Amino acid sequence: MKRMPSANTRVSEELFARGCDVIPGGVNSPVRAFASVGLSPRFIARGEGCRVWDEDGNEYIDYVCSWGPLILGHRHPGVEKALHEALLKGTTYGASTRGEVELAEKIAEALPSVEMVRLVNSGTEATMSALRLARAFTGRNKIVKFAGCYHGHHDSLLIKAGSGALTFGVPSSPGVPEDLARNTFTAVYNDVSSLEDVLAEAGTDVAAVIVEPVAGNMGLVLPEPGFLQEVRRLCDACGAVLIFDEVISGFRLGYGGAQSYYDVMPDLTCLGKIIGGGLPVGAYGGKREIMRMVSPSGPVYQAGTLSGNPLAVAAGLAMLENLAVSGFYEALAAKTTALADGWRQGARAAGVPVCINQIGSLMTCFFLPDDRAEGEDAEDAEKDAGVRDFRRASSADTVRYAAFFRLMLEQGIYLPPSQFEALFVSAAHDDGALARTVEAAFKAFRGCALQEAR
């Protein structure tokens, strides 16, 4: 898609041009490139509350929130205070600290399936380490994932992946060895019979089944009633380790994560995002008998000089302290439900068929292919075409989403620059920001309808 120029973005465009000379694609994570929405990326200079400002001084209401971790908004005073106090003591020691133990204790207290935790530096590290551990624990080699679920960019899982891989139409990546690919099997999210077939095909060598309990990387797709329970049952039946990738849903959907929300206990859980308060961090944890296999307690080697970094740990502890407040998640969900309802009204008023999936503070507006029967209105089309799996998500109208994104950005609303990412609401999004966002969406939906009419 040809990139479109925008008013008052000169500095961002200059920075992007400079970046393209020294950084592949000009960005350090693919979705930041804005390629799928036909614009040059905005280079963000600062954030405050629910807003960010780019290098040209343009102000936006932010629904990316650093892809989830800023659940309290930008520059939350409690998180900043904890960071400042930690910074005065140093940045990194390559040695153990009190904060590491305290954060691990907090995670184990919050997540009912977690008895022991190992801190790492990213969600990718967490899932990579959890898979290695599952293979060692079971003595098996094969893993099963679900199409459209993204678990980081390591080789074993870049097969029919979501997130940026789906945005750029590359569900698997060159450079992944065939031997690894042969050991990775893919089932259909929300389809129990598909998982049963895959497990039968894989045979007795399945070490783990890994799943986002709430899929957030093909856009937001919710587990259907009973799906996660059936995944748990099938793992028990075949002796595979069940891994929940809660890098997005952990401490975002609720203080106990998706596993508490749906009352399904995995064997291992992978975390990231929020537990670092906006700084780079990850973790994996689970049953004591499995986690004790990690070095130095056991033979499974995993290490990291910056694991448990004191700044990230301090920010994470401050973050979790604020999330444990009674009523926090209910209030956040109410805000997001109001936002979703407002968008639905705007889309229906404009006659634009969409499916809006929302749970807690997560939301995605899927633009549906306009294959309505004659006389069918947008509301009927939405009811008939729920997005429940990778096939339906990947059929979304990305051209329409790009047009909507641009119209929202022009009005100062910063959305994920991809149809296949979730939108995040923070505690800092007040009634005024939400009302302005709904008003902008009404105009953007009308704009999309007028563009198509031409």
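Before reading further, recall that the structure is shown in the block above.
The paragraphs below set out a description of the structure included in this document. (Residues numbered from 1 in each chain as written. Predicted model: local features only at pLDDT ≥ 70, side-chain atom pairs only at ≥ 80, totals over all residues. Heavy atoms only, no water.)

1. Quick look at the side chain of R140
So, step 1. Mapped onto the elements of the fold, R140 is located in the loop between α4 (123-138) and β5 (142-146).
So, step 2. No salt bridge is formed by the buried R140; its nearest oppositely charged neighbour, D205, is found at 5.6 Å.
So, step 3. Among the polar contacts made by the side chain of R140, one reaches the main-chain carbonyl oxygen of V206 at a distance of 2.9 Å.
So, step 4. With near-sequence residues (within four places) excluded, R140 lies in contact with R135, T204, D205, V206, A207, C238, G239 and A240. (Helix = DSSP H or I, 4+ residues; strand = E, 2+ residues; numbered from the N terminus. Buried < 20%, exposed > 50% of the residue type's maximum accessible area, 1.4 Å probe, protein only. Lys, Arg positive; Asp, Glu negative; His and termini not counted. Salt bridge = Lys/Arg side-chain N within 4 Å of Asp/Glu carboxyl O. Polar contact = N/O pair within 3.5 Å; in protein donor to acceptor, adjacent residues only side chain to side chain. Contact = heavy atoms within 4.5 Å.)

2. Let's talk about unusual backbone geometry
Comment: phi is negative for the bulk of residues other than glycine, and the bulk of peptide bonds are trans.
So, step 1. The omega torsion across S295 and P296 is 10°, close enough to zero to call that bond cis.
So, step 2. Structurally, P296 can be placed in the loop between α10 (288-291) and α11 (310-323).
So, step 3. Phi angles above zero are rare outside glycine, and S66 is one such case at about 55°.
So, step 4. Structurally, S66 is set in the loop between β3 (59-62) and α2 (77-87).
So, step 5. The exposure class of S66 is partly exposed, given its relative accessible area of 40%.

3. Some points on the sheet that holds strand β8 (residues 241-245)
So, step 1. With respect to topology, seven strands assemble into an open sheet ordered β4-β10-β9-β8-β7-β5-β6, the strand pairing being mixed. Since the sheet does not close on itself, it has two edges, and those belong to β4 (116-120) and β6 (184-187), each with one partner. Taken pair by pair, the neighbouring strands of this sheet meet at an average axis angle of 20°, ignoring direction.
So, step 2. Bridge count for β5 against strand β7 (residues 206-211) is three bridges, and the pairing is parallel. Within the sheet, the bridge partner assigned to I143 lies in β7 and is A208.
So, step 3. This element, helix α3 (residues 98-110), spans β4 and β9 (268-271) of the sheet and lies at about 125° to β4. (Pairing = 2+ DSSP bridges. Axes fitted to C-alpha atoms, helices over the stretch in contact; angles between N-to-C directions.)

4. What to know about α3
So, step 1. A rise of 1.5 Å per residue sets the reference length of α3, with its 13 residues, at 18 Å; its end C-alpha atoms lie 19 Å apart and thus fit the reference within 8%.
So, step 2. Among the residues making up α3, those that are buried are G99, E100, L103, I107 and A110. Taken end-on, α3 shows its buried residues confined to a sector of 105°, consistent with a single buried face. Across from the buried face of α3, at angles greater than 90 degrees, the exposed residues are R98 and E109.
So, step 3. On its buried face, α3 sits against β4, α9 (257-262), β9 and α11. (Expected span 1.5 Å × (residues − 1). Arc of directions from axis to C-beta.)

5. Topic: the nonpolar core
So, step 1. With 68 residues, the main nonpolar core has L323, W343, F404, L415 and F445 as its most contacted residues.
So, step 2. In contact with L323, not counting residues within four places along its chain, are I71, L72, F251, Y255, I274, F328 and Y329.
So, step 3. Within the second largest apolar cluster, 45 residues are counted, among which are L195, A215, L253 and I359. (Core = buried A, V, L, I, M, F, W, Y, C linked by side-chain atoms within 4.5 Å.)

6. Re the state of the cysteines
Formally, a disulfide is one covalent bond, and it connects the sulfur atom of one cysteine to the sulfur atom of another.
So, step 1. With the rule as written, the count across this model stands at zero disulfides.
So, step 2. No disulfide involves C50; its sulfur sits 8.2 Å from the nearest other cysteine sulfur, which is in C65.
So, step 3. Classification of C50 as buried rests on a relative accessible area of 4%.
So, step 4. Free of any disulfide, C355 has its nearest cysteine sulfur in C365, 8.5 Å distant. (Disulfide = S-S within 2.5 Å.)

7. A closer look at the packing of aromatic side chains
So, step 1. With the rule as written, the count across this model stands at 15 aromatic pairs.
So, step 2. Taking 6.2 Å as the distance between ring centres and 90° as the angle between the ring planes, the aromatic pair formed by F146 and Y189 counts as edge-to-face. Remark: Y189 occurs in the loop between β6 and α7 (192-202) and F146 occurs in strand β5; sequence separation between them is 43 residues. This pair shows no difference in class: F146 is buried, exactly as Y189 is.
So, step 3. Here a set of aromatic residues connected by ring pairs shows up, and it is made of W343, F367, Y401, F404 and F445. (Phe/Tyr/Trp six-rings, centres within 6.5 Å; stacked < 30°, edge-to-face > 60°.)

8. Some details on the pattern of salt bridges
So, step 1. Going through the model one piece at a time under the given rule, you end up with 15 salt bridges.
So, step 2. Here E85 makes a salt bridge to K81, at a shortest N to O gap of 2.7 Å. Of this pair, E85 and K81 both sit in helix α2, separated by four residues, roughly a single helical turn.
So, step 3. A residue is classified by how much of its surface remains accessible, and E85, at 40% relative accessible area, is partly exposed.

9. A few points about the packing of α7 against helix α8 (residues 227-238)
So, step 1. With their axes 10 Å apart at the nearest point, α7 and α8 run at an angle of 20° to one another. Here α8 runs roughly parallel to α7, going by the angle between their axes. Once α7 is placed against α8, the crossing between them reads as right-handed. Contacts between α7 and α8 pair V192, L195, E196 and L199 from the former with F227, E230, V231, R233, L234 and C238 from the latter.
So, step 2. Residues of the contact of α7 with α8, tallied by class, amount to seven nonpolar, no polar and three charged. (Parallel < 35°, antiparallel > 145°, perpendicular 65-115°, else oblique. Left-handed = near helix turned anticlockwise from the far one by under 90°. Nonpolar A, V, L, I, M, F, W, Y, C, P; charged D, E, K, R; others polar.)

10. Remarks on the sheet that holds strand β14 (residues 423-424)
So, step 1. With antiparallel pairing, three strands are arranged side by side in an open sheet as β11-β12-β14. The sheet terminates laterally at β11 (354-359) and β14, the two strands that pair on one side only.
So, step 2. Summarising the sheet, strand β12 (residues 362-367) and β14 pair through two bridges and their orientation is antiparallel. Each residue of the ladder has a partner; that of L362, found in β14, is F424.
So, step 3. Lying over the sheet, helix α12 (residues 328-350) contacts β11, β12 and β14, oriented at roughly 175° with respect to β11.

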